[in-house]
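Each chain, written out:
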Amino acid sequence: MAEHGAHLTSLGPGDAQRPSVFEVLAQQSLMSTIKPAFQHAVRVFAEKYPQQLGKVFQYYDEIFIVLDSLVQAHYLRKYGASFAENFYGLKRVPSVNSEVTKLSLKLKVRSLACLILIPYVHRKLELLYEDLKYRFGTEGQLAFLQKQLSLKQRLIKFYLFLYPYIHSTWECLNLGYMLSYMLKKGRWHSPGMHMSGTVLLRLDPQDVFDTTTSSLTYPQWAHLSFSGKLYTLVKLVFSTTAVCLSTSLSVGVFFLQFLDWWYASDSSAKSLTALPVPHAPQPQFLKGVNHTTCPLCMCVRTNSTALTVSGYVFCYPCIADHISKKKCCPITGYPASAENLVKIYEQEL
């Protein structure tokens, strides 16, 4: 099979700087794994310190987009590429003239918008669809045409009907761009790259030399006016912040991989399939017991949460506090941890 796929990475005349499809896929996969990896880390800390970090996890997407904007803007300004592209030795050049090695301010802004806004909007639309689908379900292809529906209900049903087609069209468009790039029929590997007005090329030694020398030039502080000094100071603060974030991002990628290996190799974790199946409650013990009652506080449940090791449902504050102290199910005594808690979103009638 290797000889059939050799043309995908072979370089023809004038293709010495064109990245292979594997380099393009590698930088795409890097960015697609960074955000959920950091989100997992934030979730772990938020579960330990809910009062301090609960809001951080709740607005993680918005906080991440601000920090990601600083990092990507820094890399576009200094290296002419995103963080992942520079990590794999790639750069962006104007698609109208690949001989120009520097990006204009307009192209940098377009690239930053495509790198930040497209994934953010796609994520929010997907979350909105999943939330509406869970709350309202799907009642047929043309449910939004029912006359008894209000305007809000009609819009919700129309979005539930339309989004799968939008999502499928976007995925097919991405696949088409990737196949076109892989077969060397197109210059762009994704619609976002096409909309940015740039193409990817490999870095050459001159690019590395220009980046190194440009970072060593600083304006003479004594010869600057007050406004010049203020502008230089603000620029230095933002540049230092971006450098710290990018360095932390590079180190964090490897650190999170280590954490993933550490938790995966934890031998103390109990397998759910190794635990005995709990017996169903006997009918004589269920007389007069409301199914909405929490077994711990004996009140109507709030924020219902199921414990997967036993199947019983409790109030989240009750079971979370019990699990943190006792490390077991309060009914069956089976070993349990915070990872075994699953929140149940019950629709009020």
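Residues numbered from 1 in each chain as written. Predicted model: local features only at pLDDT ≥ 70, side-chain atom pairs only at ≥ 80, totals over all residues. Heavy atoms only, no water.

**Concerning the nonpolar core**
V21, V24, L90, V93, Y177, M178, Y181, W188, M193, V199, L200 and L201 form the largest nonpolar core, which has twelve residues in total. Those elements giving two or more residues to this core turn out to be α1 (21-48), β1 (90-94), α6 (151-182) and β2 (198-202). The contact partners of Y181, leaving out residues within four places of it in the chain, are R18, P19, S20, V21, V24, G186, R187, W188 and H189. Listed in part, the eleven residues of the second largest apolar core include L307, V309, I319 and L341. (Core = buried A, V, L, I, M, F, W, Y, C linked by side-chain atoms within 4.5 Å. Buried < 20%, exposed > 50% of the residue type's maximum accessible area, 1.4 Å probe, protein only. Helix = DSSP H or I, 4+ residues; strand = E, 2+ residues; numbered from the N terminus. Contact = heavy atoms within 4.5 Å.)

**Focus on the pattern of salt bridges**
According to the stated counting rule, one finds five salt bridges in the structure shown. K124 is the salt-bridge partner of D61, the closest N and O atoms lying 3.4 Å from each other. Here D61, found in helix α3 (residues 60-79), pairs with K124, found in helix α5 (residues 105-136); they are 63 residues apart in sequence, far enough to count as distant. Its relative accessible area of 8% is what places D61 among the buried residues. Note that K124 and E62 form a salt bridge whose closest N and O atoms lie 3.3 Å from each other. One end of the pair, K124, is in helix α5; the other, E62, is in helix α3, with 62 residues separating them in the sequence. (Salt bridge = Lys/Arg side-chain N within 4 Å of Asp/Glu carboxyl O.)

**Some remarks on the packing of aromatic side chains**
All chains considered together, the criterion is met by nine aromatic pairs. Geometrically, the ring pair formed by Y75 and Y79 is tilted, given 5.1 Å between the ring centres and 35 degrees between the ring planes. Taken together, the residues span about one helical turn, with Y75 and Y79 both in helix α3 at a distance of four residues. Residue classification places Y75 among the buried residues on the basis of a relative accessible area of 9%. (Phe/Tyr/Trp six-rings, centres within 6.5 Å; stacked < 30°, edge-to-face > 60°.)

**Digging into the packing of α3 against α5**
Running from N to C, α3 and α5 cross one another at 160 degrees; their axes reach a closest spacing of 9 Å. By the angle class used here, α3 and α5 are roughly antiparallel. In this structure, α3 crosses over α5, and the sense of that crossing is right-handed. Contact residues: D61, E62, I65, D68, S69, Q72, A73, L76 and R77 in α3; K108, S111, L112, L115, I116, Y120, R123, K124 and L127 in α5. Residues belonging to the contact of α3 with α5 are distributed by class as follows: eight nonpolar, three polar and seven charged. (Axes fitted to C-alpha atoms, helices over the stretch in contact; angles between N-to-C directions. Parallel < 35°, antiparallel > 145°, perpendicular 65-115°, else oblique. Left-handed = near helix turned anticlockwise from the far one by under 90°. Nonpolar A, V, L, I, M, F, W, Y, C, P; charged D, E, K, R; others polar.)

**Concerning the packing of α1 against α6**
To describe two helices that pack against each other, one gives the angle between their axes and the distance between the axes. Where α1 contacts α6, the axes come no closer than 10 Å and their chain directions differ by 145 degrees. Facing V21, V24, L25 and Q28 of α1, the residues of α6 in contact are M178, Y181 and M182. The residue makeup of the contact of α1 with α6, split by class, is six nonpolar, one polar and no charged.

**Focus on the pairing of strand β3 (residues 304-307)**
A regular strand places its side chains on the two faces of the sheet in alternate fashion. Here β3 shows a buried face lined by S304 and A306 and a second buried face lined by T305 and L307. Of the strand pairs in this sheet, β3 and strand β4 (residues 313-315) are connected by three bridges, and their pairing is antiparallel. From the neighbouring strand, A306 faces β4, where its bridge partner is V313. Here β3 folds back onto β4 in antiparallel fashion, the turn holding five residues, of which G311 has a positive phi close to 90 degrees. Inspection of the sheet shows β3 paired to strand β5 (residues 341-343) by three bridges, in the antiparallel sense. Each bridged residue has a counterpart across the sheet, and for L307 the counterpart in β5 is L341. (Pairing = 2+ DSSP bridges.)

These figures come from the coordinates and say nothing about function on their own.
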